[in-house]
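Okay, here's what each chain looks like letter by letter:
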Amino acid sequence: MAATPVKAPRIKLGSQGLEVSAQGLGCMGMSFYDPPKPEPDMIALIHHAVAAGVTFLDTSDIYGPHTNEILLGKALQGGVREMVELATKFGRLFVDGKPEIRGDPAYVRAACEASLRRLGIDCIDLYYQHRVDKRVPIEVTIGELKKLVEEGKIKYIGLSEASASTIRRAHAVHPITAVQLEWSLWSRDVEEDIIPTCRELGIGIVAYSPLGRGFLSSGPKLIDSLSAKDLRRNMPRLQSENLDKNIKVFERINAVATKKGCTPSQLALAWIHHQGNDVCPIPGTTKVDNFKQNVGALFVKLTPDEMAELESYTAAGEVQGDRYPTIANTWKDSETPPLSSWKSK
Ligand SMILES: NC(=O)c1ccc[n+]([C@@H]2O[C@H](COP(=O)([O-])OP(=O)(O)OC[C@H]3O[C@@H](n4cnc5c(N)ncnc54)[C@H](OP(=O)(O)O)[C@@H]3O)[C@@H](O)[C@H]2O)c1
């Protein structure tokens, strides 16, 4: 692997000893956005990232499904596995083509073993519940994850898109190391109670889709570049009724970037890096040039006035449309049933 002069700095994630690169690499788009990208190119990109010190790699069994983990498995061969922090997720699946969520113990165990096989590793560094199963008390799901920690199959436990109350209940069963959530200039609802809860409990924060799935990087040009089958075509924020307003938000962010002499991607990522060293954004890319640009965000400094200016452009009411289409809103975690309901089954 080629050496690079500047290495990404490292941060502690959570309170259990996990250390990761201050910026991660989201690998989903390599296999899940349409069309999937050629494996050799993506393996070369992952190796480039690791050489640049971006060692925190993010995947999930649902990306593909499965093909993204298989890709990662290939990229991790030849001593690369020892150089990275590998995060994957379970809990989202398709049954007869329909999306489902599962967090029952038998499923958790089977999913973990299948991910280990696809990744070709003995232990997952950070294993997230991708979406909370509202039929299963969170204590039951975390109880099984705790057993997987004790058996050495996973090192640290994470939650994704969990509510503040679920995070608290989960953390009482076994320390939660990281919560992954959508946090970016145009997705800020988590600031109300989920981020404060993570901070109170010493849980690391992993910001997914920090580039607004590419809209904060390219604005309306993103839509022209998407294939007919790209799942982002269904995103409410990119629909015509919302798009005009959201383009104005992008234009304002872009103007600040121009004034600052950086790219809009770098500005969006720098805004997250300035939230604190307990936050790690995991931008996704399939291009080495974009990767290099994104790492550059670690070195962009923003003043409090610049932060405030950016935040004023993206305050509640400025961005139009939900983060996800309606079907995904039905998975939104509020609260899982009490543990007693499971014991009495
Ligand atoms: N927990 C969850 O439920 C969840 C949900 C979504 C995502 N995630 C994780 O978060 C990661 C990142 O999210 P994401 O991929 O959805 O969105 P993102 O990181 O916000 O944006 C990715 C998009 O931005 C483009 N891009 C990246 N850098 C760029 C640059 N410098 N200039 C122009 N365009 C640029 C990429 O295109 P190119 O490929 O052309 O660079 C891609 O289209 C995923 O890979 C996944 O691991 C988790």
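Residues numbered from 1 in each chain as written. Predicted model: local features only at pLDDT ≥ 70, side-chain atom pairs only at ≥ 80, totals over all residues.

Engineer: Please set out the overall build of the protein residue by residue, giving values where relevant.
Structural biologist: Each helix and strand counted, the protein has 15 helices and 12 strands in total. Against the globule reference of 20 Å for 345 residues, the protein gives a C-alpha radius of gyration of 19 Å, in line with a compact fold. Across the 345 residues of the protein, 46% fall into the buried class. The contacts in the protein between residues at least 6 apart in sequence include a share of 79% that link residues at least 24 apart. (Helix = DSSP H or I, 4+ residues; strand = E, 2+ residues; numbered from the N terminus. Rg over C-alpha atoms; globule rule 2.2 N^0.38 Å. Buried ≥ 20, exposed ≤ 12 C-beta atoms within 10 Å, placed from the backbone. Contact = placed C-beta atoms within 7 Å.)

Engineer: Tell me about the site of the ligand, and name the residues and values.
Structural biologist: Taken together, 28 residues sit near the ligand, with Gly26, Met28, Leu211, Gly214 and Gly284 positioned nearest. Within the residue set of the shell around the ligand, elements represented by two or more residues are helix 1 (28–31), helix 8 (215–218) and helix 12 (288–296). Broken down by element, the residue count for the shell around the ligand peaks at three residues, all from helix 12. Its residues assigned to classes, the shell around the ligand comprises seven nonpolar, 17 polar and four charged. (Near = placed C-beta within 6 Å. Nonpolar A, V, L, I, M, F, W, Y, C, P; charged D, E, K, R; others polar.)

Engineer: Quick one: what's the story with the sheet that holds strand 10 (residues 178–182), residue by residue and with numbers?
Structural biologist: Read from one edge of the open sheet, eight strands run 3-4-5-8-9-10-11-12, paired in parallel fashion. Unpaired on one side and paired on the other, strand 3 (25–26) and strand 12 (279–281) mark the two borders of the sheet. Across three bridges, the pairing between strand 11 (residues 204–208) and strand 12 is parallel. Each bridged residue has a counterpart across the sheet, and for Val206 the counterpart in strand 12 is Cys280. In the packing of helix 5 (residues 138–150) onto the sheet, the strands contacted are strand 8 (124–129) and strand 9 (154–160), and the crossing angle to strand 9 comes to about 155 degrees. (Pairing = 2+ DSSP bridges. Axes fitted to C-alpha atoms, helices over the stretch in contact; angles between N-to-C directions.)

Engineer: Run through the pairing of strand 11, naming residues and quoting values.
Structural biologist: Counting buried positions along strand 11 yields five of five residues, so the element is predominantly enclosed. Burial along strand 11 is two-sided: the residues Gly204, Val206 and Tyr208 and Ile205 and Ala207 are all buried. Two elements, strand 10 and strand 11, share five bridges in a ladder whose sense is parallel. Within strand 11, the residue paired with Glu182 across the bridge is Tyr208. In this view, the connection linking strand 10 to its parallel neighbour strand 11 by way of helix 7 (residues 194–201) has right-handed handedness. (Right-handed = clockwise from strand over helix to strand, strands pointing away.)

Engineer: For the environment of Leu86, give the residues involved together with the corresponding values.
Structural biologist: Structurally, the position occupied by Leu86 is in strand 5 (residues 85–90). Looking at Leu86, the number of C-beta atoms within 10 Å reads 24, which means it is buried. The contact partners of Leu86, leaving out residues within four places of it in the chain, are Leu57, Leu119, Ile121, Ile124 and Asp125.

Engineer: How would you explain the environment of Leu119 if you had to name every residue and give the values?
Structural biologist: You can see Leu119 is positioned in helix 4 (residues 105–119). Separated by 98 residues in sequence, Leu119 and Ser21 have C-alpha atoms that sit 20 Å apart. Beyond its immediate chain neighbours, meaning those up to four positions away, Leu119 contacts Glu69, Leu72, Gly73, Leu76, Leu86 and Thr88.

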